[in-house]
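Listed here are the chains, written in short residue letters.
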Amino acid sequence: MSAGGISCRLLGHRYRFTSDGRLMHWSCERGCGAGGSKQYGTSEEALRYALAFDREDRASIGTRPTLSLLPLWLLRKVRRT
């Protein structure tokens, strides 16, 4: 099994989205072979969806609390009620 296949099984796929005319394509960045395509009514619509889906959530790290803060958040919720 390739390194991409193992990391995709453990961490999930890392899809990248592109458009080509009315088709939007997606494929796993790690090279495991997962992917697909979908046809939209117009090329503008396909481009709009590809741009919307092809975002890295890592760009907003530090602006949202991480999962490690969940216990503290729950404790504050319990104490307020």
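Notes on the structure follow. (Residues numbered from 1 in each chain as written. Predicted model: local features only at pLDDT ≥ 70, side-chain atom pairs only at ≥ 80, totals over all residues. Heavy atoms only, no water.)

1. Quick look at the nonpolar core
Line of reasoning, step 1. Grouped together as the largest cluster of nonpolar side chains are five residues: Phe17, Met24, Tyr40, Ala46 and Ala50.
Line of reasoning, step 2. Contact partners of Tyr40, with chain neighbours within four places excluded, come to Arg22, Met24, Glu45, Ala46 and Tyr49. (Core = buried A, V, L, I, M, F, W, Y, C linked by side-chain atoms within 4.5 Å. Buried < 20%, exposed > 50% of the residue type's maximum accessible area, 1.4 Å probe, protein only. Contact = heavy atoms within 4.5 Å.)

2. Side note on the pairing of strand 3 (residues 35–39)
Line of reasoning, step 1. Two elements, strand 2 (residues 23–28) and strand 3, share five bridges in a ladder whose sense is antiparallel. Residue pairing across strands places Leu23 opposite Gln39, the latter belonging to strand 3.
Line of reasoning, step 2. Hairpin connection, strand 2 to strand 3: the antiparallel pair is bridged by six residues, and Gly31 has positive phi, about 80 degrees. (Pairing = 2+ DSSP bridges. Helix = DSSP H or I, 4+ residues; strand = E, 2+ residues; numbered from the N terminus.)

3. Considering the side chain of Ser7
Line of reasoning, step 1. Mapped onto the elements, Ser7 comes out in helix 1 (residues 3–11).
Line of reasoning, step 2. Judged by relative accessible area, which is 18%, Ser7 ranks as buried.
Line of reasoning, step 3. Sequence-distant contacts of Ser7, defined by excluding residues within four places in its chain, comprise Gly12 and Arg30.

4. Focus: the sheet that holds strand 2
Line of reasoning, step 1. Pairing is antiparallel in the open sheet, where three strands are placed in the order 1-2-3. The open sheet is flanked by strand 1 (15–20) and strand 3, the only strands paired with a single partner. The average undirected angle you get between the axes of adjacent strands in this sheet is 20 degrees.
Line of reasoning, step 2. The pairing of strand 1 with strand 2 spans six bridges and is classified as antiparallel. What sits directly across from Thr18, in strand 2, is His25. (Axes fitted to C-alpha atoms, helices over the stretch in contact; angles between N-to-C directions.)

5. A look at the pattern of salt bridges
When the charged atoms of two side chains lie near each other, side chains of opposite charge can form a pair.
Line of reasoning, step 1. Under the definition given, this model contains three salt bridges.
Line of reasoning, step 2. A salt bridge links Glu29 to Arg14; the shortest N-O distance between them is 3.5 Å. With a gap of 15 residues between them, Glu29 in the loop between strand 2 and strand 3 and Arg14 in the loop between helix 1 and strand 1 connect regions that are remote in the sequence.
Line of reasoning, step 3. We classify Arg14 as partly exposed; its relative accessible area is 30%.
Line of reasoning, step 4. Across the salt bridge formed by Asp54 and Arg16, the nearest N and O atoms sit 3.1 Å from each other. (Salt bridge = Lys/Arg side-chain N within 4 Å of Asp/Glu carboxyl O.)

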